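Now for the letters of each chain:
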Amino acid sequence: MRIAVPVEENEKEICPSFGRTPLFYIFDTETNSGTLIENDAMNAPGGAGIKAAQTVIDAKAEVVLVPRCGENAAKTLEAGGVKLYESVGLSVEENIQAFLDDKLAVLTDIHPGFHGHGGN
Amino acid sequence: MKLAVLSGKGGTGKTLVSVNLASVAGNAAYYDCDVEEPNGHLFFKPENVTEKTVFVKTPEIDADDCIGCRKCADFCKFNAIAVIGEKAMVFPDVCHPCGGCMMVCPQNAIFETERPIGKIAQGVSEDVTVTSGILNMGEESGVPIIRTLLRDMKANPNDFTVIDCPPGSACVVMESIIDADFCILVAEPTVFGVHNLNMVYELVQLFGKPYGVVLNKCLDGENPAEVFCTEHNIPILGRIPFDAELGRLNSNSEIVSRIDEKYHKLFTCILRQVKEAVQQ
């Protein structure tokens with residue numbers, strides 16, 4: 001199984017924004033190793049959540065660990081069969097371990113998104 | 001002539017100025033482009049109102065024909081299309097209906113449907129034609145409604161037209177002032193007011209529009225907005241006092257220039273200066 005986590009440039013901490021995170025860490029439980037991929041949606045003028053979700057789906061992730069998620073990203077991930085779990089704290093490593101230990105809850109609080117506030 | 005009234009933030013007095021200028025001009029047209037919260041009609045109380053629904057086009061995918069090639073998703077600059085399981089998926093609220101996805105689809109698997117996003121309402125108040133744009137709650141962009149208003153404005157030219165703009169200086173304001181011959185910037189006498197005035201001041205300069213300022217809520221003592229105008233050589237067209245009686249009439253949705261001679265004179269004077277500036 002592949003687990004995706006939005007991470008900051010320091011590659012260790014979870015980025016609170018799914019759509020505008022600079023990187024995704026994709027951890028493969030079968031090989032017990034991870035890779036970093038860039039998020040093309042980071043500076044997108046709009047629809048960043050949708051595009052970032054596409055990146056995660058294309059990377060064949062089945063699970064995403066995030067502190068929060070907007071509705072368009074959540075809808076895209078759901079269509080791609082990706083499940084969302086709520087991360088706790090900032091450490092990427094600890095959250096992956098917590099997920100594997102069944103200690104993370106399913107993310108249910110989907111916010112309406114921060115799009116459209118630039119007055120487009 | 002077409003006069004646009006704008007300000008950097010809401011509550012500065014755009015509608016007060018717009019409604020009263022249209023009213024004192026006579027035989028005028030008033031367009032409320034503040035489609036997220038139009039309120040000019042509350043003052044005009046127009047009669048014989050007719051309404052017209054405004055639609056936008058939304059792409060839809062024929063899943064049988066879609067081969068998941070991603071050309072549509074790659075084309076869309078707004079990321080309104082995702083491709084999941086080899087089928088495209090559209091997010092209508094992010095779409096800026098440009099039709100590009102349909103053009104690039106090699107399968108002709110994308111077609112357009114129409115979706116209502118709001119309406120325009122038109123009626124008459126004495127000798128003013130009142131047209132308001134109304135965006136449905138939850139919709140992202142009022143631009144299609146403003147374009148419908150402006151099309152109506154071009155199709156029915158009037159000697160004097162007032163465009164009551166949305167607040168701020170974003171796309172919706174730019175759309176609203178495109179056809180204007182003159183822009184009035186309404187400003188409050190505070191430091192915050194100066195910041196907001198500067199936003200619309202930069203905008204009208206960028207668009208090369210002639211402009212002037214109306215200072216609203218004027219008190220005795222220093223007026224930072226007036227200082228800003230003096231420093232930048234911006235013509236001041238008028239000063240509306242911070243007046244309890246004006247506030248009372250306005251909050252009762254009265255058009256002050258129709259019932260108070262003092263205000264009739266004040267707005268007539270502003271109007272005369274605008275006309276002179278446009279004729280020059």
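Basis of the calculations
Residues numbered from 1 in each chain as written. Chains lettered and ligands numbered in written order. Predicted model: local features only at pLDDT ≥ 70, side-chain atom pairs only at ≥ 80, totals over all residues. Heavy atoms only, no water. Helix = DSSP H or I, 4+ residues; strand = E, 2+ residues; numbered from the N terminus. Buried < 20%, exposed > 50% of the residue type's maximum accessible area, 1.4 Å probe, protein only. Contact = heavy atoms within 4.5 Å. Areas by Shrake-Rupley, 256 points an atom, 1.4 Å probe, with all protein chains shown as cover. Patch = residues over 30% accessible without salt bridge, like charges linked within 9 Å, V, L, I, M, F, W, Y side chains within 5 Å. Salt bridge = Lys/Arg side-chain N within 4 Å of Asp/Glu carboxyl O. Lys, Arg positive; Asp, Glu negative; His and termini not counted. Charge placed at Lys NZ, Arg CZ, Asp CG, Glu CD. Domains from an automatic or database assignment.

### Thoughts on the overall build of chain B
Right, so step 1: On a plain count of helices and strands, chain B comes out with eleven helices and eleven strands.
Right, so step 2: For chain B, the spread of C-alpha atoms along the principal axes amounts to about 70 × 45 × 35 Å.
Right, so step 3: Evaluated residue by residue, chain B yields a buried proportion of 49% over its 280 residues.
Right, so step 4: In chain B, the proportion of contacts linking residues at least 24 apart, taken out of those at least 6 apart, comes to 73%.
Right, so step 5: Carbon and sulfur atoms provide 52% of the accessible area of chain B, an area that totals close to 13,100 Å².

### What to know about a negative patch on the surface
Residue and element names in this part refer to chain A.
Right, so step 1: There is a patch of like negative charges on the surface, built from Glu9, Glu11, Glu38 and Asp40.
Right, so step 2: Mapped onto the fold, Asp40 is located in the loop between strand 3 (33-38) and helix 1 (48-58).
Right, so step 3: Taking relative accessible area as the criterion, Asp40 reaches 54% and is therefore assigned exposed.

### Quick word on unusual backbone geometry
Right, so step 1: With a phi angle near 65°, Lys60 of chain A is a residue other than glycine that sits in the positive phi range.
Right, so step 2: Note that Lys60 of chain A resides in the loop between helix 1 and strand 4 (63-66).
Right, so step 3: One non-glycine residue, Lys217 of chain B, lies in the positive phi region at around 55°.
Right, so step 4: For Lys217 of chain B, the location among the structural elements is in strand 10 (residues 211-218).
Right, so step 5: When its relative accessible area of 26% is taken as the criterion, Lys217 of chain B is described as partly exposed.

### A short note on the domain arrangement of chain B
Right, so step 1: Taken domain by domain, chain B holds domain 1 (2-54 + 119-279) and domain 2 (63-108).
Right, so step 2: Spacing between the C-alpha centres of domain 1 of chain B and domain 2 of chain B amounts to 40 Å.

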